[in-house]
Amino acid sequence: MDREEMLAALRLGLECHRAGDWTRAEALYREVLAAQPDTPEVLNLLGTLACQTGRHALAIDLAERALALQPDYPEALNGRGNAFR
């Protein structure tokens, strides 16, 4: 997957996420993550989605992975807090 394909998949994933098509959004996020595994933003989006679908342990794990890559990432810090709550 080249950069343009990744960006298109990420944009579509965000649209699906916002529209409530969480299954499709997760599949697209995972596609992007497979191509770029060290992307804090995608890890955070997956974590947000996991929290929204009641998978709190997974959300915490994804937030921790994002924070390991970017310790000062406020959205991941917030997402981890929401998952713990």
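The structure we're discussing is the one just above.
Small disclaimer: the values here were computed from a predicted structure and weren't measured.

Peer 1: Help me understand helix α5 (residues 74-84) in this model?
Peer 2: Given 3.6 residues to a turn, an α-helix orients residues that are three or four positions apart in the same direction. Along α5, the residues that are buried comprise Ala76, Gly79 and Ala83. Viewed along the axis of α5, the buried residues span an arc of 60 degrees, placing them on a single side of the element. In α5, the exposed residues that point more than 90 degrees away from the buried face are Pro74 and Phe84. Contacts made by the buried residues of α5 are with α3 (40-52) and α4 (56-69).

Peer 1: Before we go on, may I ask you to explain the packing of helix α1 (residues 3-19) against α3 in this structure?
Peer 2: Angle between the axes and distance between the axes are the two parameters that describe a pair of packed helices. Contact geometry of α1 with α3 gives a least axis separation of 12 Å together with a crossing angle of 20 degrees. Between α1 and α3, the interaxial angle falls into the category roughly parallel. At the point where α1 passes α3, the crossing takes the left-handed sense. Together, Leu10, Leu14 and His17 of α1 and Val42, Leu45, Thr48, Leu49 and Gln52 of α3 make up the contact between the two elements.

Peer 1: What is the right way to look at the nonpolar core in this model?
Peer 2: Membership of the largest hydrophobic core comes to 23 residues, with the highest contact counts inside it found for Leu10, Tyr29 and Val42. Looking at this core, the elements with two or more residues in it are α1, α2 (22-35), α3, α4 and α5. Considering every element that reaches this core, the biggest residue donor is α3, with seven residues. Residues in contact with Tyr29, not counting those within four places in the same chain, are Leu10, Gly13, Leu14, His17, Val42, Leu45, Leu46 and Leu49.

Analysis parameters
Residues numbered from 1 in each chain as written. Predicted model: local features only at pLDDT ≥ 70, side-chain atom pairs only at ≥ 80, totals over all residues. Heavy atoms only, no water. Buried < 20%, exposed > 50% of the residue type's maximum accessible area, 1.4 Å probe, protein only. Helix = DSSP H or I, 4+ residues; strand = E, 2+ residues; numbered from the N terminus. Arc of directions from axis to C-beta. Contact = heavy atoms within 4.5 Å. Axes fitted to C-alpha atoms, helices over the stretch in contact; angles between N-to-C directions. Parallel < 35°, antiparallel > 145°, perpendicular 65-115°, else oblique. Left-handed = near helix turned anticlockwise from the far one by under 90°. Core = buried A, V, L, I, M, F, W, Y, C linked by side-chain atoms within 4.5 Å.

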